[in-house]
Amino acid sequence: MIRKIVFGTPFDTEAVTGSFQEWEGEVPYLKEEGGRKFSYRMEENDVVYGLGENVRGINKRGWLYESKCSDDPKHSEEKHSLYAAHNFLIVDGAEHFGVFVDYPGMVTFDVGYTDIDMLTIEAKEADLALYIIESEAGEGESISENIVKQFRALIGRSYIPPKWAFGYGQSRWSYMDEDEIREVVKAHREAGIPLDAVYLDIDYMERYKDFTVNEETFPNLADFAAEMRKQGIHLVPIIDAGVKIEDGYDVYEEGMEHGYFCKKEDGKEFVAGVWPGRVHFPDMLNADARRWFGRKYKVLLDQGIDGFWNDMNEPAIFYSEENLQNVFNKLGEFRSENLDLEKFFRFQGMVDGLANNAKDYEMFYHEHKDGRVRHDKVHNLFGYNMTRAAGEAFEELEPDRRILMFSRSSYIGMHRYGGIWTGDNLSWWSHILLNLRMMPSLNMCGILYTGADLGGFGADCTEDLLMRWLALGLFTPLMRNHAAMGTRKQEAYRFTKTESFQKIIGLRYVLLPYIYSEFMKAALKGDMYFRPLSFVYPEDTFARRVEDQLMVGESIMIAPVYEQNAKGRYVYLPERMKLVRFFGSEKESEEILEKGHHYIDVALDEVVFFIRPDHLVPVSAGGCCVEKVDFSNLKLLGFVEKEASYELYDDDGYSRDYDNPANRTRVCMDKDGKVTVWGEGRTFTAV
Ligand code: GLC
């Protein structure tokens with residue numbers, strides 16, 4: 001059951017599309033103060049899940065989190081927010097319930113930070129909608145799973161990308177021209193490392209102007225995209241939120257003519273500095289502006305592009321015109337000063353304080369259907385609505401074809417239009433673990449198509465780091481290696497052990513029938529693709545403590561290695577499972593392990609996972625790209641003690657006919673390896 005309690009006059013975020021019960025009585029579970037502050041006393045063993053993209057653990061206890069979409073490239077423990085605002089959490093303990101705070105401005109979640117036993121949720125203003133979700137758990141479903149399922153029904157079906165977007169992608173900020181990209185593709189193909197996509201970062205544009213292409217370095221994008229398609233490669237360009245101010249640039253001129261950019265109180269367009277220098281922000285909360293911006297993607301769709309990533313849409317602000325002038329004026333005053341400790345820090349702070357300055361977000365406005373609203377009050381909706389602009393345009397422009405879309409910034413609701421990537425992480429071992437921990441929290445919020453920059457975005461990557469990270473990344477729906485300009489080049493083929501990369505990345509394609517099927521079933525049913533162990537084994541008190549293993553779909557548990565020079569790791573098995581070792585596309589060995597704690601050796605170039613009893617994993621023979629993977633002749637890995645059954649979801653991967661019953665095939669295997677299939681056109685062989 002979902003109860004909605006309204007305080008004041010909430011802004012209509014359009015996050016919710018499903019049904020609920022209007023509730024006029026007291027807020028269940030939480031103590032309410034003034035319609036904007038809600039608290040709950042936690043018992044010692046209560047676990048708090050959720051908050052989507054964020055720092056720290058799967059269990060969010062012990063820290064203060066803020067919903068404030070921020071362009072912050074340092075995802076270290078002391079941070080309070082990253083690029084997104086995902087105001088959903090679950091309390092699992094003495095009482096068990098879910099909370100969604102639908103409020104587009106700043107919200108803090110003090111989960112035992114001020115007082116170790118208190119959970120306090122505080123919104124900036126008392127204009128919000130609170131949804132409290134109580135479980136109606138049924139057979140075969142835990143309370144947490146059921147709460148998530150109800151929440152997902154409330155917020156609508158998750159975005160589904162094309163099948164090719166489940167292939168491996170290579171990206172780097174600083175692929176400067178066509179030849180450099182040809183080289184990247186060739187090197188992957190020559191090394192036998194599968195590849196489906198190359199990402200075009202800001203350098204493909206003409207001086208960072210959205211929906212333009214640099215004609216010197218990419219003289220004919222349509223021809224180049226077609227040439228790449230012949231090699232099984234999709235090009236995926238980036239789109240930034242800010243539109244460069246430049247006479248003669250059509251996007252700028254049209255936006256000005258129709259008044260589609262965000263304005264200041266005096267009615268003049270707000271000027272911010274981002275990659276192209278001075279830009280205006282399209283008013284993503286204004287339906288007309290959104291439609292206009294969305295239709296601009298056609299410029300690239302028409303050139304054979306079928307995927308995009310939306311960036312800098314918190315929106316990131318390097319400086320505002322006003323603050324920049326102010327700082328220039330003030331810096332001059334320091335010229336004749338003796339810069340002592342206090343003055344030097346003040347001097348330095350003035351320049352550092354230019355970027356993403358809270359005051360700047362109070363300077364511009366949106367023209368929303370319900371009236372004019374100051375940006376900071378609805379800050380967390382910007383990235384969501386930029387991606388919605390694209391998503392709605394794709395439905396109109398490309399009704400028969402799925403388009404890849406993922407965004408950096410998001411709010412709940414955006415999951416209907418695109419996935420997310422987790423932004424500018426670093427080539428740090430701790431960021432493998434952070435990647436793992438974020439995945440189930442994001443799934444709870446409806447964000448299923450997601451992944452991190454594998455190998456790490458900032459800092460220099462090492463060969464072992466990339467291998468270990470890929471061994472996790474091969475299970476994430478978005479599997480992309482991305483790095484920042486100026487860092488060590490980290491395409492897999494640049495390192496020495498080519499064969500190991502071939503095998504680890506190759507395994508993604510072997511597992512693709514399972515990964516795609518599990519993703520699609522989760523998206524269509526409102527389930528999670530990645531689950532914490534405790535969601536599957538709610539009675540197991542130790543499973544609640546596990547922060548470095550995940551359930552992937554219905555059959556697999558993973559326990560990646562995330563420490564340098566480790567030769568293996570401790571793994572907790574909540575039940576008897578089959579350990580499967582893969583060295584390449586062939587299964588190397590399997591072993592039945594009993595419930596409990598085990599130390600498992602895992603060589604650097606090895607991927608291991610665990611299959612639950614009476615569960616199956618359909619696998620393919622692999623391929624160099626998704627379209628070469630044969631989904632009709634599959635092998636079945638399984639741990640069958642009595643009998644196991646699996647429903648395989650598969651479709652053409654491009655159209656939107658998701659609910660067609662022909663997309664589902666049921667297969668059964670008994671303990672002697674006898675396979676029975678219900679459905680046409682597919683063979684399964686036990687291995
Ligand atoms: C931002 C993005 C990053 C991208 C860079 C240049 O930092 O998060 O992925 O490479 O901008 O466009």
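Keep in mind that this is a model prediction, so the values were computed, not measured.

Moving on: helix α1 (residues 143-155). Relative to the 18 Å expected for 13 residues at 1.5 Å per residue, α1 spans 19 Å between its end C-alpha atoms, a close match to the ideal helical length. Of all 13 residues making up α1, 10 are buried, and the element is well covered by its neighbours. By the burial criterion, the buried members of α1 are S144, E145, N146, I147, V148, Q150, F151, R152, L154 and I155. Count one or two residues on from α1 and you reach G156, which has phi positive near 95 degrees.

On to the pattern of salt bridges, then. In this structure the tally under the stated criterion is 58 salt bridges. Two residues, D71 and R408, come together in a salt bridge whose shortest N-O distance is 3.2 Å. With D71 in the loop between β6 (63-67) and β7 (84-85) and R408 in the loop between β23 (404-407) and β24 (410-411), this residue pair connects regions lying 337 residues apart in the sequence. In this pair, the class of D71 matches that of R408, namely buried.

The computed volume of the largest pocket comes to approximately 610 Å³. Surrounding the largest pocket, 24 residues form its lining, G140, E145, D527, R531 and E554 being those nearest its centre. Those elements giving two or more residues to the lining of the largest pocket turn out to be α1, α12 (498-525) and α13 (533-536). For the lining of the largest pocket, the element with the most residues is α12, which contributes 4 residues. Residues of the lining of the largest pocket, tallied by class, amount to 7 nonpolar, 5 polar and 12 charged. Volume-wise, the second largest pocket comes out at about 400 Å³. Forming the walls of the second largest pocket are 20 residues, and the residues nearest its centre are K68, A358, Y361, D376 and H379. Of the residues belonging to the lining of the second largest pocket, the class tally is 6 nonpolar, 7 polar and 7 charged.

In β23, alternate side chains face the same way, and those of L404 and F406 on one face and M405 and S407 on the other are all buried. Pairing of strand β19 (residues 307-311) with β23, which is carried by 4 bridges, proceeds in the parallel orientation. Across the sheet, F308 pairs through a bridge with M405, a residue of β23. With 2 bridges connecting them, β23 and strand β25 (residues 419-421) associate as parallel partners. Bridging from a neighbouring strand, S407 pairs with I420 of β25.

Conventions and cut-offs
- Residues numbered from 1 in each chain as written.
- Predicted model: local features only at pLDDT ≥ 70, side-chain atom pairs only at ≥ 80, totals over all residues.
- Heavy atoms only, no water.
- Helix = DSSP H or I, 4+ residues; strand = E, 2+ residues; numbered from the N terminus.
- Expected span 1.5 Å × (residues − 1).
- Buried < 20%, exposed > 50% of the residue type's maximum accessible area, 1.4 Å probe, protein only.
- Salt bridge = Lys/Arg side-chain N within 4 Å of Asp/Glu carboxyl O.
- 1 Å grid on protein atoms, 1.4 Å probe; cavity = no way out; pocket = protein on both sides within 12 Å on 5 of 7 lines; lining within 4 Å.
- Points joined across faces, edges and corners; volume = space filled by probe spheres on them.
- Nonpolar A, V, L, I, M, F, W, Y, C, P; charged D, E, K, R; others polar.
- Pairing = 2+ DSSP bridges.

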